[in-house]
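For reference, the chains in residue letters:
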Amino acid sequence: MKFIRWFLGRLILTINFLTPPRAVERDPGTQKAIDAKTAKMSLYQFEACPFCVKVRRHFKRQALNIEVRDAKNNAVFKDELTQKGGKHQVPCLRIEDEQKNVKWLYESKDIITYLHTELGLT
Ligand SMILES: N[C@@H](CCC(=O)N[C@@H](CS)C(=O)NCC(=O)O)C(=O)O
């Protein structure tokens, strides 16, 4: 079972590597505004998790410069996710607002929908 999971993970990473999404190009002003909004976001994820790959591909396609944190191998990020987010499930988007309130958003579909709405993506 562990081997099958490992194998499927490698397969997903290979397909992801061979079929990179094309990043949207924006005028510098619009991109700067989006970068400012995403500066306080970070994605807790596993490298070979298919749901995480889906979200990372979305970042790439939409040219979103969001920090990616390895919640499998990095003990600090793993603990943060479990203790502060509430569960050890990835992907999870950590969102900090101007008042330093933090929201932990789970579920790949909800993350993508949130980014579209919040950043006004097309
Ligand atoms: N419905 C969730 C599924 C996420 C999910 O199943 N993630 C797995 C990794 S692929 C996970 O976090 N498992 C917990 C663990 O391995 O500790 C989504 O779309 O984000």
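Calculation rules
Residues numbered from 1 in each chain as written. Predicted model: local features only at pLDDT ≥ 70, side-chain atom pairs only at ≥ 80, totals over all residues. Heavy atoms only, no water. Pairing = 2+ DSSP bridges. Helix = DSSP H or I, 4+ residues; strand = E, 2+ residues; numbered from the N terminus. Axes fitted to C-alpha atoms, helices over the stretch in contact; angles between N-to-C directions. Contact = heavy atoms within 4.5 Å. Buried < 20%, exposed > 50% of the residue type's maximum accessible area, 1.4 Å probe, protein only. Near = heavy atom within 4 Å. Polar contact = N/O pair within 3.5 Å; in protein donor to acceptor, adjacent residues only side chain to side chain. Nonpolar A, V, L, I, M, F, W, Y, C, P; charged D, E, K, R; others polar.

- For the protein, an unreviewed UniProt entry supplies the name GST N-terminal domain-containing protein and the organism Magnetovibrio blakemorei.

## Quick look at the sheet that holds strand S1 (residues 41–45)
Part 1: Pairing is mixed across the open sheet formed by four strands, whose spatial order is S2-S1-S3-S4. Edge positions in the sheet fall to strand S2 (67–70) and strand S4 (102–106), since each has one partner strand and no second. Here the strands of the sheet are splayed against their neighbours by 25° on average, with no regard to which way each runs.
Part 2: By the bridge criterion, four bridges tie S1 to S2 in an arrangement that is parallel. Across the sheet, residue Leu43 finds its bridge partner in S2, namely Val68.
Part 3: Packing against the sheet, helix H3 (residues 50–61) makes contact with S1, S2 and strand S3 (92–96), and its axis sits at approximately 150° to S1.
Part 4: With respect to the sheet, helix H4 (residues 75–85) is in contact with S1, S2, S3 and S4, its orientation differing from that of S4 by roughly 100°.

## Structural notes on the environment of Val90
Part 1: Considering the arrangement of structural elements, one finds Val90 in the loop between H4 and S3.
Part 2: Sequence separation between Val90 and Pro50 is 40 residues, and the spatial gap between their C-alpha atoms is 9.9 Å.
Part 3: Those residues in contact with Val90, other than ones at most four positions away along the chain, are Tyr44, Gln45, Phe46, Cys49, Cys52, Ala71 and Leu81.

## Structural notes on the environment of Pro50
Part 1: Take Pro50: it is sitting in helix H3.
Part 2: On the basis of relative accessibility, which here comes to 42%, the residue Pro50 falls in the partly exposed class.

## Points about the site of the ligand
Part 1: In the vicinity of the ligand, the residues found are Phe46, Cys49, Phe51, His88, Gln89, Val90, Pro91, Glu107 and Ser108.
Part 2: Between His88 and the ligand, the recorded distance is 3.1 Å, taken from a side-chain N or O atom to an oxygen atom.
Part 3: Note that an oxygen atom of the ligand is positioned 2.9 Å from one of the backbone N or O atoms of Val90.
Part 4: A per-class count over the shell around the ligand returns five nonpolar, three polar and one charged.

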